[in-house]
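# Fold and contact review
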Amino acid sequence: MSHRRHTRAAPTHHELLAVQDELAIARKGEHILERRRNGLVFVLLDLLDRWRELCADLDERYRTARTLHVTAMEREGGISLRELAAARATHPEVILGETKLLGMDVPRILSASISTPVSDRGYGMLGTSALDDELVSAYEGVLEVVVRLAEMRAVLSRLLSEIRRLRIRVNYLTHRLVPDLEAERAYIERSLAEREREERYRQFRVKKQRSERASRHRRSGGHRDR
C-alpha cells in the first residue's frame, strides 16, 4: 500500500498538525458512518420480519380467494364472473410518492379505490350471491397486500443500496484512509525526532569545538605569559 506521505512536502510540525487534524476527522467520520450503517441494518432486519409476515398474509389471502374463485366457477360459470368483474364502477389507483426514513428518502406507495362497499361495486343485489361478495372482497384484500409489498420491496431496495454505500465508505476509512494517515503521522514523527536528535548532536559538537578552542586559547595564552 502506498502511503499519502509521498505526495506531501518535507515533514514539519505544521504538516504533523495537519495530518493529526485529518486523522481526527477521519476517525470521527468512520464512527458516525458506522453507527448510521448499523442503525439502518437494524431497520432492515425489522422490515424483513414484516416482509415475511406480509408474504405469509398474501399467500393465505390468495389461497382463500382462489378457493372462492373455484367454487364460484363451479356454481355460476366463467361468463357470470366476467360480467361481475366488468360491472365494477371504480378502478384501483396507485399513488407514488416519497417519505423520510431516518433522514433518507424512501418510496411511498398508496392505493385508492381497491376496497369498496358492496353498493359501489357496480352490480345489483339481484342476480348475485353472498359468494360473489366474498370473492370480490377476497381479491380486493389480495390487491391491498400486493401494494403494501410493492412499497416495502422498494424501501428494502433503497435501504440495501444505502447500507452497501455506507459499507464501502466505512471500509475505505477503516482499511485505507485511517491506516494511511496513521502511517503518515508516524513517518513525520520519526522524521522530526531524527531531526531533533541530529540538531542536538550538532549543538553538542559545536559546544565541544568551542570548548576545545577555548581550552587551546587558554593554554596558548599561558605559554606567552611565561
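First, a word on what this report is: a plain description of the structure on this page. (Residues numbered from 1 in each chain as written. Predicted model: local features only at pLDDT ≥ 70, side-chain atom pairs only at ≥ 80, totals over all residues. Heavy atoms only, no water.)

### A word on a positive patch on the surface
Among the surface-exposed residues, Arg210, Arg213, Arg216, Arg218 and Arg219 lie close enough to one another that they form a single positively charged patch. Of note, Arg210 is situated in helix H3 (residues 130–225). Overall, Arg210 belongs to the exposed group, its relative accessible area being 56%. (Patch = residues over 30% accessible without salt bridge, like charges linked within 9 Å, V, L, I, M, F, W, Y side chains within 5 Å. Areas by Shrake-Rupley, 256 points an atom, 1.4 Å probe, with all protein chains shown as cover. Salt bridge = Lys/Arg side-chain N within 4 Å of Asp/Glu carboxyl O. Lys, Arg positive; Asp, Glu negative; His and termini not counted. Charge placed at Lys NZ, Arg CZ, Asp CG, Glu CD. Helix = DSSP H or I, 4+ residues; strand = E, 2+ residues; numbered from the N terminus. Buried < 20%, exposed > 50% of the residue type's maximum accessible area, 1.4 Å probe, protein only.)

### Things to note about the pattern of salt bridges
Oppositely charged side chains are able to pair whenever their charged atoms sit close together. Within the structure shown, the criterion is met by 12 salt bridges. Close ionic contact of Glu182 with Arg27 constitutes a salt bridge, the shortest N to O distance being 2.5 Å. On the criterion of sequence distance, the pair formed by Glu182 in helix H3 and Arg27 in helix H1 (residues 13–76) is long-range, its members being 155 residues apart. The class of Glu182 is partly exposed, set by a relative accessible area of 29%. The partner of Asp180 in a salt bridge is Arg176, with the nearest N and O atoms 3.0 Å apart.

### Considering the pairing of strand S1 (residues 93–101)
The pairing of S1 with strand S2 (residues 104–112) spans 9 bridges and is antiparallel. When the sheet's bridge partners are listed, Glu93 is paired in S2 with Ala112. Here S1 folds back onto S2 in antiparallel fashion, the turn holding 2 residues, of which Leu102 has a positive phi close to 55 degrees. (Pairing = 2+ DSSP bridges.)

### Considering the packing of H1 against helix H2 (residues 78–86)
Packing of H1 against H2 brings their axes to within 7 Å, and their N-to-C directions diverge by 115 degrees. Residues His69, Ala72, Met73 and Glu76 of H1 lie in contact with H2, whose contacting residues are Gly78, Ser80 and Leu81. When its residues are assigned to classes, the contact of H1 with H2 shows 3 nonpolar, 3 polar and 1 charged. (Axes fitted to C-alpha atoms, helices over the stretch in contact; angles between N-to-C directions. Contact = heavy atoms within 4.5 Å. Nonpolar A, V, L, I, M, F, W, Y, C, P; charged D, E, K, R; others polar.)

### Observations concerning H1
With 64 residues, H1 ought to run about 94 Å at 1.5 Å a step, and its terminal C-alpha atoms sit 91 Å apart, in line with that. At the C-terminal side of H1, Gly77 shows a positive phi close to 90 degrees. (Expected span 1.5 Å × (residues − 1).)

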